[in-house]
Amino acid sequence: MPPKKRNTGATQSKEPKSVAESGSAERKQSPELALKKHREKDAEFVSLCKRLHVTDTVCDRAWMLWKNVQESMEEVTDTQKRLWAACLFVTVSDLDVTCFTLTQVQKEVDLNVKLFLALVRKLDVNLDTISTRVNSVMTRLENKYDVTLALYQRFEKTCKSIFASSSDGKERDVLRRCWTMFLLAKGRALQMEDDLVISFQMLLCALEFFIKRCPRDLLQPLYQAAISKAQSPPTRTSRRNQSKARPRPPEPELDVQLLEALCKENGCNAEEVKNVYQTSFSAFLDSLDLSKGPDFPQVADINQQYEEHYLKSRDFDGRLFVDGDETILSPKIEITQVEQTPKKNMPDEEAGLFPPQTPVRAAMNSIQQLRGDLTSSGDQPSTNLATYFKNCTVDPTEDVLKRVETLSQTFCQRFGQAVGPCSIILGKQRFTLGVRLYYKVMESMLKSEEKRLSRQNFSILLNGTTFHTSLLACALEVVMATYGGSCRIAGYSRTGGSDLTETDLCFPWVLDVFNLVAFDFYKVIESFIKAEPALSKDIIKHLESCEHLIMERIAWRTGSPLFELLKQANEEGAAEQVEAPASFNQPLQHNHTAADLYLSPMRPGHHVLPPESPTTPASQAATQAPTQASSQAACQTPRHSKSNSLSLFYKKLYRLAYRRLKMLCSYLLSSHPDLEHVIWTLFQHTLQHEYELMKERHLDQLMMSAMYAICKVKSVDLRFKTIVTAYKDMPNTNQETFKHVLITEGHYDSIIVFYNQVFMQRLKTNILQYASTRPPTLSPIPQIPRSPYKFPNSPLRVPGSNNVYISPLKNPRMSPGIMTPRSRLLVSFGESFGPPNRFQKINQMVNSGDRPFKRTLDMGATPKPLKRLRFDVDGQDEADGSKPGGESTLIQKLAEMSSTRSRMQEQKLKEDAESRKE
């Protein structure tokens, strides 16, 4: 039976009503709970409802929800009171009414934010317990809380270096005022309160505002000196000369010198922070009439205005961070629960030099690295890139520049709509970085194509709008993900009647901004990664996640060219299917570049062209280039066109699909290993021959349906509830995948309804064949996919050593001081090495030891064997780029180096003793 339809009709609240802590007159507008109507309910539940000022409707709905949960849960995992509170929270979020805030309900049941939200998610024992609206509310709360917690931790640490402690505790009062005003500014000036970078930049603006108004005796010497003379308070004048004293000039709105000191101390770009100040923060100060005043804002005023904002937002009270309130702080993690890395096991003196990678610090470092990598890149095409443009039959220079200008306006406008009207200039800064990366990667791609094809004319490619828009979009996605910190991806589409009202900048936001087809965007991802070696591992993983999201869902939107290509491929017969099943068990190897994919299937396919002659026109050569390289082994007989982009897409799709299916089978069908192959055959058949089922749907919806169908005909007891419960535990999944499935146009329901009304009806005949004595031939199993993207910038640990890592030097400007991991001895060839005794220490480490071992987390006595390290830097072993016949002496020594854990610990103790003596 499909789940009952939820009544998600919410009563629209024009103004937020009062809550328990509010003494405003609005409380009178909230209907009192009629106790006589709730006599049949538990008295303690009604009492909780009364304390939280809920209405009769909320009380009834929450009690009904509790009864459903109570019947569905096999065992009560928490106290009734806490579960009641969770039911009330779900109800008010679903109805979108204002009764209480998150903090108020937390305090009633004594749970912090993380534990309370985790409890709410545990209620989702049925497919319809938590609606799309509630899930959206919880996701926003979790994101906002994570960002606010990271910001407060950074704020508290920064304030210790700014404010001097006093006996009367005045610095705590300043800290409280500053934090409260920042929370108010963030809430009023930013539409996206979970944007870590912009929020941190605004926090620095708030600190600047308070520092220049703070008495000098409350400041550390560094910030006493950082305040410009124009900001220093006037010296006292005697009464005799008081009449001669000049009037104090009006205070400037921004102390640039002070702000730059703050930015330098926190690794933040000063220009970006100035823009945040001059646009968003300055407007906020004007709204409070605080721009020109030399004094602190009144505590009562700031508190009152934040109180109003907090009650209206109905979430957590950010002021509780300053109080160390247990309902707002996250649970403490014991040090033994954290994975030990060289960075976390540094000596004390080095720990001060290399701060731990907190979320804010990691974001600032990533941005600094991105900006540094693009320092030498210009806002205009380079000389080399301009030469490629001129070599084209039709010079694309003018169109490229016009397109960039047009897309710049579109991007900045949409950025302002998402973040806030005052943030358009921030969008312009990020677009500028994206353009620099776009030109840089394009030049690198063209150099590779020139080397591969021995040609310089790429007229057709460079005059294609889709290629340029996709490449620029990919560059901007890298920039946006870098500024996003955690490289988040939007979990579900906003189309199709979903209640989600996301305003974040996560992928696929950039596709919507440029009106770019996801299938076209996917063609550039792999070549982009290979063309830009400076990309960090996190960004590479993010782009790979974008590629997966495209294959899972976004490429199957209505209007996607993918469907037309599939239709053509199927019309041409089985001989031209997107990928032969026989190739499933072969590794995923291809030599298609972005140029090849963007010219496919527009060009004639798979027929041999004569070698280029001196009389061949340049435009023809550009057309032939991608084709000729991939058609030397093809038959001489002309054949119909075939899309390389479609073929590669399906190769990756099949491998991604099987990997997810194998994971789900390992959770659910470990006692029936033979069923995995059968389920895969039905799943693969659906993707190849019933691809229309993917339109406006998700890959995993077909996967779960195929699993349920095969288990049904094979008489294996596996319920859909069990499938979706296991599915929720898989990585990169979203509950909307099984709660919000397209049934018919404009109508959505659960995956059970989809299976009964759509999937089974379409594949009924095929499904029943698996129950017969002559089932269909099983499809070959694809090889388990491995990421095609290498991570050349990841430091590699030398076998047998806890402290020696090899990390390729990305460019000369980087010094060992800012490379990771922060190992005890970090060598960057090509730069000053430091004291000569470091070579002696490396030699001691190289010559000591017998066998390689890996240190265990608990520092036990049974180490695990360490796998042999492979050195592969494009065949180049020496620092000068030479390629000797064998490995260099240093590489050979490092590769053969090994030691036992006890000896390495002894060596480390000796080094620490020596460093202390020095």
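What counts and what doesn't
Residues numbered from 1 in each chain as written. Predicted model: local features only at pLDDT ≥ 70, side-chain atom pairs only at ≥ 80, totals over all residues. Heavy atoms only, no water. Helix = DSSP H or I, 4+ residues; strand = E, 2+ residues; numbered from the N terminus. Buried < 20%, exposed > 50% of the residue type's maximum accessible area, 1.4 Å probe, protein only. Contact = heavy atoms within 4.5 Å. Areas by Shrake-Rupley, 256 points an atom, 1.4 Å probe, with all protein chains shown as cover. Polar contact = N/O pair within 3.5 Å; in protein donor to acceptor, adjacent residues only side chain to side chain. Salt bridge = Lys/Arg side-chain N within 4 Å of Asp/Glu carboxyl O. Phe/Tyr/Trp six-rings, centres within 6.5 Å; stacked < 30°, edge-to-face > 60°. Axes fitted to C-alpha atoms, helices over the stretch in contact; angles between N-to-C directions. Parallel < 35°, antiparallel > 145°, perpendicular 65-115°, else oblique. Left-handed = near helix turned anticlockwise from the far one by under 90°. Nonpolar A, V, L, I, M, F, W, Y, C, P; charged D, E, K, R; others polar. pLDDT = per-residue confidence, 0-100. Expected span 1.5 Å × (residues − 1).

(A) Structural view of the overall build of the chain. When its secondary structure is counted, the chain shows 35 helices and 6 strands. Out of the 918 residues in the chain, the part that is buried amounts to 50%. Put simply, of all contacts in the chain between residues at least 6 apart along the chain, 75% involve residues at least 24 apart. Working note: accessible area of the chain is about 44400 Å², and carbon and sulfur atoms make up 50% of it.

(B) Structural detail: the side chain of Ser779. By secondary structure assignment, the location of Ser779 is in the loop between α32 (751–769) and β3 (796–797). Within the structure, Ser779 has its side chain in polar contact with the side chain of Gln684 (distance 2.9 Å). Ser779 has contacts with His677, Trp680, Thr681 and Gln684, leaving out every residue within four places of it along the chain.

(C) The arrangement of the pattern of salt bridges in detail. What the rule picks out here adds up to 32 salt bridges. Taking the shortest distance from any N to any O, the salt bridge between Glu260 and Lys274 comes out at 3.1 Å. Placement of the pair is Glu260 in helix α10 (residues 256–266) and Lys274 in helix α11 (residues 270–287), with a sequence separation of 14 residues. Take Glu260: its relative accessible area is 37%, and that puts it in the partly exposed class. In this structure, Glu398 and Lys402 form a salt bridge, with 3.1 Å as the shortest nitrogen-oxygen distance.

(D) Spatial organisation of the packing of aromatic side chains. For the structure shown, the criterion picks out 40 aromatic pairs. Measuring from ring centre to ring centre gives 6.2 Å for Tyr145 and Phe321, while their planes differ by 25°; the resulting arrangement is stacked. Of this pair, Tyr145 sits in helix α6 (residues 132–162) while Phe321 sits in helix α13 (residues 320–323), and the two are 176 residues apart along the sequence. Phe321 shares its class with Tyr145; the two are buried. Taking 5.6 Å as the distance between ring centres and 45° as the angle between the ring planes, the aromatic pair formed by Phe411 and Phe431 counts as tilted. Within this pair, whereas Phe411 is found in helix α17 (residues 397–419), its partner Phe431 is found in helix α18 (residues 424–453), the two being separated by 20 residues in sequence. Take Phe431: its relative accessible area is 2%, and that puts it in the buried class.

(E) Main features of unusual backbone geometry. For the bond running from Phe507 to Pro508, omega is 15°, close enough to zero to count as cis. Residue placement: Pro508 occurs in the loop between α20 (465–484) and α21 (509–514). Unlike most non-glycine residues, Asn515 shows phi in positive territory, near 50°. Its location among the elements puts Asn515 in the loop between α21 and α22 (518–531). For Asn515, a relative accessible area of 71% gives the class exposed. Unusually for a residue other than glycine, Glu696 sits at a positive phi of about 60°.

(F) Quick peek at the packing of α22 against helix α23 (residues 537–552). Packing of α22 against α23 brings their axes to within 10 Å, and their N-to-C directions diverge by 150°. Comparing their axes, α23 and α22 come out roughly antiparallel. Crossing angle aside, the handedness with which α22 passes α23 is left-handed. Residues Ala518, Phe521, Tyr522, Ile525, Phe528 and Ile529 of α22 lie in contact with α23, whose contacting residues are Ile540, Leu543, Glu547 and Ile550. By residue class, the composition of the contact of α22 with α23 is 9 nonpolar, no polar and 1 charged.

(G) Inspection of the side chain of Lys41 at higher detail. Examined against the element boundaries, Lys41 turns out to sit in the segment before α1 (43–51). Only 3.0 Å separates the side chain of Lys41 from the side chain of Glu40, close enough to count as a polar contact. Apart from the residues within four sequence positions on either side, Lys41 is in contact with Val46, Cys59, Asp60 and Trp63.

(H) A look at the packing of α6 against helix α8 (residues 196–211). Following both chains from N to C, one finds α6 and α8 inclined at 30°, their axes separated by 11 Å at the closest point. Here the hand of the crossing between α6 and α8 comes out right-handed. Contacts between α6 and α8 involve Val147, Ala150, Leu151, Arg154, Phe155, Thr158, Cys159 and Ile162 on the former and, on the latter, Leu196, Ser199, Phe200, Leu203, Leu207 and Ile211. Grouping the amino acids of the contact of α6 with α8 by side-chain chemistry returns 11 nonpolar, 2 polar and 1 charged.

(I) Main features of the confidence of the model for the chain. Looking at the chain, the pLDDT average stands at 75 and 66% of residues meet or exceed 70. The element-level mean pLDDT for the chain is lowest in strand β6 (residues 864–865), coming to 35, with helix α29 (residues 699–713) highest at 96. The model gives residues 230–251 a pLDDT under 50, and that stretch makes 18 contacts with residues more than four places away or in other chains.

(J) How the structure looks around α29. For α29, spanning 15 residues, the distance from its first C-alpha to its last is 22 Å, which sits close to the expected 21 Å at 1.5 Å a residue. Of all the 15 residues making up α29, 13 are buried; the element is thus mostly covered by neighbouring parts of the structure.

(K) Layout of the environment of Thr327. Secondary-structure assignment places Thr327 in the loop between α13 and α14 (348–353). Judged by its relative accessible area of 7%, Thr327 falls in the buried class. Residues in contact with Thr327, not counting those within four places in the same chain, are Gln106, Lys107, Leu111, Asn112, Val113 and Leu320. Separated by 2.4 Å, the side chains of Thr327 and Asp325 make a polar contact.

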